[in-house]
Amino acid sequence: MTSRLLGHVNLGRAVLALGMCGAAGGTLVAGLVMPFVGGAGLAARSAASTLTYLPTPLREEPLPEVTRLLDRNGHQIAQFYYQNRQSVPLSAVAPVMRQAIVAIEDARFYEHGGLDLKGTLRAFVTNTRAGGIRQGGSSISQQLVKNIMLTQAESEQERAQALVRSFRRKLDELRYALALERKYTKDQILERYLNIAYFGAGAFGVQAAAKRFFGVDAASLTLTQAATLAGAVRTPYDTDPSLGDEHRDRLRTRRDLVLGRMAELGMIGKDAARTATAEPLELHLSPEPGGCAGSAHPFFCVYVEREVLTNPAFGYSRADRERRLQRGGLTIWTTIDPVAQRAAERAIAARVRPRDNQVASETMIEPGTGHIRAMAVSKHYGRNPHDRDLGPSTTYNLAADTAHGGGLGLQAGSTFKVFTLATALKQGMRFGDGFSIPGAYVPSYGYRDCSGKAVNDPNTVIHNAGGEGGGGPLSLEMGTWQSVNIFYMRLEREVGLCDVVQTAKSLGIKRADGTPLHEVPTFTLGANEMDPTTVAAAYAAFAARGRYCRPMAVTAVVERDGTRTETPPACVTALEPAVADAVSHVLTGVFTKGTMRGQSIDRPVAGKTGTNNGYTSAWFAGYTPALAAAVSVGDIRGSYRYPLTGVTIGGRYYGAVQGASLPGPIWVDSMRAALRDTPAYGFVPPDMARFGGGFTPGLKEALEKQRKKEKKKREAERDKHDDGDSASASAQDATDGAANGGEAASGSARTSPLAGGGRTAPPAPRAAPAAAPLNRSTTARSTTARSTTARSTTARSSTARSTRSTPVSTGAHTAARGSSPRAPLRRGAGSAPASRTGWASLAPPRAAPPAARPAVRHARTQRAAPGRVTAGRAKAGHATAGAKARRAAVRRETAQHSTAQHTARHGAAQHSTARHGATRHGAAVPPRRSRAGAAGSGHRQGRSTSAARSTRNSGSGHRPGAAAGKSRRASHGGRPDRPHR
């Protein structure tokens, strides 16, 4: 009891002494005594009582710290913070920094118990003489209490209360400081102060300040750097070096003051102080922007930010999630791949400029995990000058949906046909199955949404896109490769609109604006507005053999204490693996026989183009087994008001932007670069026992009719261009016909003899060269050459009616042309191939050479040899070509010309024997069981068929003016009618 009373007296005397000094002035003393002038004794007793019964220390919540976003390799790509702070232990702070802060703020810090009377009086005298603040009047413990109150302020009102200059606040501050002295050691108090103090330029805490001012860690600070930071603490706004030269001059003055004080206290020598004072500030201000505006990948950063703020896994309420993101000091590991991101950004930048009104967006997703590997937009992220709506920048994450910072999306066009394709295959449709379609189609019956309501539209007329023709029979593959609108409208009706919608939903399809999907007849033509992320995730499911994974951007979260929480992929089996494999098989033909023909990334790929009605937007979505991506292009001012016709994008003029003309090349370039270090894996071949063997009534006859039409057209062209040089051209054409194996007449693509099932024999002896060079004109062709080529075509046509065959691997992926035959092939010398039906019947079988004969030479390797062709036939051909003036020259070249003709016929016959089981040199050769594949890819007549001669599909070929008036507005090139826009 006696000691307690003695403590009361000592405290009373201390406060009384402060009151006596406060009469003269001083920051803390004046605050304590001014209200009690004339009552010093009463003030002493009251203060003594207040300071005797100390409160519990302030509740210290974790300091707000920076949340960092890392890419998949651990490199920082963005940061979020309420205060730019990264707390560090005292051991991670340079000793000279600790000395500098103590010297200028509280020289007797390690001697007093929270209230330093002697130091306060000294600071008062020093500051009075200097006419300004040169030393701190409050102890470090008191300053720590003040900063804790400010940091914990949740509103401007609470912040104002923490800063108010009143006796009550100063007294509470002192009481809490004394309580802290009881709770913590001196080093613990100093550590907390160094981590909470504001140093200016947006840097809270010594670690952030060292990074911001000098680009170094707090542990690496030099004497002059430490003195600079210590001098900034007292007046951080007046000495903020980021605000200009005047503020930097004040900062240097404060630095020199700290150096002098350190020398005065003996912490450093006077010579060291003078040397340091002579040095410049040597600031290296490192930008420490917060939020996505300062991110290297801002649109992906926006996606992550919205994911954290909307995902309940990060907090019970949005306020909790936002507080955790801004103050939690989290380390968030993301999925972004720098290689893929650069590939997407460069591919877009090469074709679309930020100042273009048209904008391109792309998202890349890893199949099987849903990890977003890239997210790029053609515009910069941020606001335009003067906050204009249009310009090189945007704050919309156009690669994502509205929930992740995106816009309303763009109609996906014919990319949606893949969901109808998957539904048809799931319900039992086979490769080669198909039906005839009309030239125009009205969805007047047969369409019901998933509620059972009829959603027919008898007032809408659907037309095919330009080049698809006026109707006729089409197989499943041809309808997909050409992206025929009417075919898919009919197919959707057959399999059921609701079933197609359910397939799409199982693959994660939802509208970009978050509203329910529009379940209308034109659903398969892309009536719904989508974003590239959602579409890419759906296509990634086909690459993952039916495994759909929700797009994800975060793989792990590390708390400030080091606790790590992994985020596993969210995946479900949406399709049977066999169905997904069959879809991939059909979609590979888009690159080899469809709208993307001629574009490749040199590895197995599958995909689908999409172009909206009136060219309001254009898409391409595709995948490999390792990566999927979707690209969209549309006008940021409004896709319906500003269609992609007659536009200049990236400095290039487009009459009409189609899926294969702009989004397709962006996809090709970005995927090629993104996968440059990834092995090229192929797709799993389809189950031909389940999906092969389809039949389309009338398709074979239609294609044969088309071939004849094409042949007549070519002959007419040749007759038109025949002239006096036809003689030499005929010889050259005959030689070319032999080298090409007669394929020029049918227009089919050249293929390797190994790919066709044939074998290559040693080349025949070469004939003597012609006396004069042959004319290599491709247009001036003679009757002789045409007759030779026609015979080659006839030989191939006669063998086209063979039984179905099994798939064969051609190049990087399996090009299946049929299934196992329904009846076994008949074999035997001289036997003709068994007849077959369906789309697969158009694939000519390949015959093996007889065992007793040497391997058949491929026509392409043949050379001319003397033959028995008469000169009279050659002269007749010349006369027909109108070359009477050159008869004498022709007679001199008769022998060589005859040789060329014989070579053409002989090479064509050998080629036909090697590939179609025909006879050679009068000996019957039994046909070999064909290994040509099924259905759609079985047809090898390339440019001679309607499948290849048609122009690009609704995904990339709809042309304005296809119909007039209301019918024209309602024509759906992968798009909805006007009421659904």
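Let me sum up the structure you'll find in this document. (Residues numbered from 1 in each chain as written. Predicted model: local features only at pLDDT ≥ 70, side-chain atom pairs only at ≥ 80, totals over all residues. Heavy atoms only, no water.)

Phi is positive for Asp602, which is not a glycine, with a value near 65 degrees. Tracing the sequence through the fold places Asp602 in the loop between α22 (577-592) and β20 (606-611). In this structure, Tyr615 is a non-glycine residue whose phi angle is positive, near 60 degrees. Counting through the fold element by element, Tyr615 comes out in the loop between β20 and β21 (617-623). (Helix = DSSP H or I, 4+ residues; strand = E, 2+ residues; numbered from the N terminus.)

The next point concerns the sheet that holds β21. Sheet architecture is open: five strands sit in the order β7-β6-β22-β21-β20, paired in antiparallel fashion. The open sheet has two edge strands, β7 (372-377) and β20, and neither has a second partner. Taken pair by pair, the neighbouring strands of this sheet meet at an average axis angle of 5 degrees, ignoring direction. Note: strand β6 (residues 358-365) against β7, five bridges, orientation antiparallel. Residue pairing for β7: Ser361 is matched across the bridge by Val377. (Pairing = 2+ DSSP bridges. Axes fitted to C-alpha atoms, helices over the stretch in contact; angles between N-to-C directions.)

What follows concerns helix α20 (residues 497-506). Taken residue by residue, α20 has Leu497, Cys498, Val500, Val501, Thr503 and Ala504 as its buried positions. In this structure, the buried side of α20 is in contact with α17 (417-426) and α19 (485-495). Within two residues after α20, Gly508 carries a phi angle of roughly 80 degrees, on the positive side. (Buried < 20%, exposed > 50% of the residue type's maximum accessible area, 1.4 Å probe, protein only. Contact = heavy atoms within 4.5 Å.)

The next thing to look at is the nonpolar core. Membership of the largest hydrophobic core comes to 129 residues, with the highest contact counts inside it found for Tyr623 and Trp667. The biggest single contributor to this core is helix α21 (residues 532-543), with nine residues. Judged by nonpolar contacts, the second largest core, of 54 residues, contains Leu180, Ala210, Ala227 and Ala263. (Core = buried A, V, L, I, M, F, W, Y, C linked by side-chain atoms within 4.5 Å.)

We now examine the state of the cysteines. Within this structure, the stated rule accounts for three disulfides. A disulfide bridge connects Cys450 with Cys498, and the sulfur atoms are separated by 2.2 Å. Between Cys450 and Cys498, the S-S torsion sits near 110 degrees, and that sign places the bridge as right-handed. In this pair, Cys450 is assigned in the loop between β12 (440-441) and β13 (462-463) and Cys498 in helix α20, connecting sequence segments 48 residues apart. Given a relative accessible area of 30%, Cys450 falls into the partly exposed group. Covalent S-S linkage joins Cys549 and Cys571, the inter-sulfur distance amounting to 2.1 Å. Negative torsions about the S-S bond denote left-handed disulfides, and the value of about 105 degrees found for Cys549 with Cys571 makes this one right-handed. Of the two residues, Cys549 sits in strand β16 (residues 547-549) while Cys571 sits in strand β19 (residues 571-573), which places them 22 residues apart along the sequence. Judged by relative accessible area, Cys549 falls into the buried class, the value being 4%. Sequence-ordered numbering of the bonded cysteines in the protein gives a disulfide pattern of 1-2, 3-4, 5-6. (Disulfide = S-S within 2.5 Å.)

Along helix α11 (residues 223-232), nine of the 10 residues are buried, which leaves the element largely enclosed by surrounding structure. Listed as buried for α11 are Thr224, Gln225, Ala226, Ala227, Thr228, Leu229, Ala230, Gly231 and Ala232. Buried residues along α11 sit in contact with α4 (95-105), β3 (198-200), α10 (206-214), α12 (245-264) and α13 (270-278).

Our focus in this paragraph is the pattern of salt bridges. Under the criterion given, the structure shown has 26 salt bridges. Here Arg323 and Asp320 are joined by a salt bridge, their closest N and O atoms 3.3 Å apart. Of the two residues, Arg323 and Asp320 both sit in helix α15 (residues 318-327), three residues apart, roughly one turn of that helix. Overall, the relative accessible area of 39% leaves Arg323 in the partly exposed class. Among the residues examined, Asp320 registers a relative accessible area of 33% and is labelled partly exposed. Through salt bridges with shared partners, one network takes in Arg351, Asp669 and Arg672. (Salt bridge = Lys/Arg side-chain N within 4 Å of Asp/Glu carboxyl O.)

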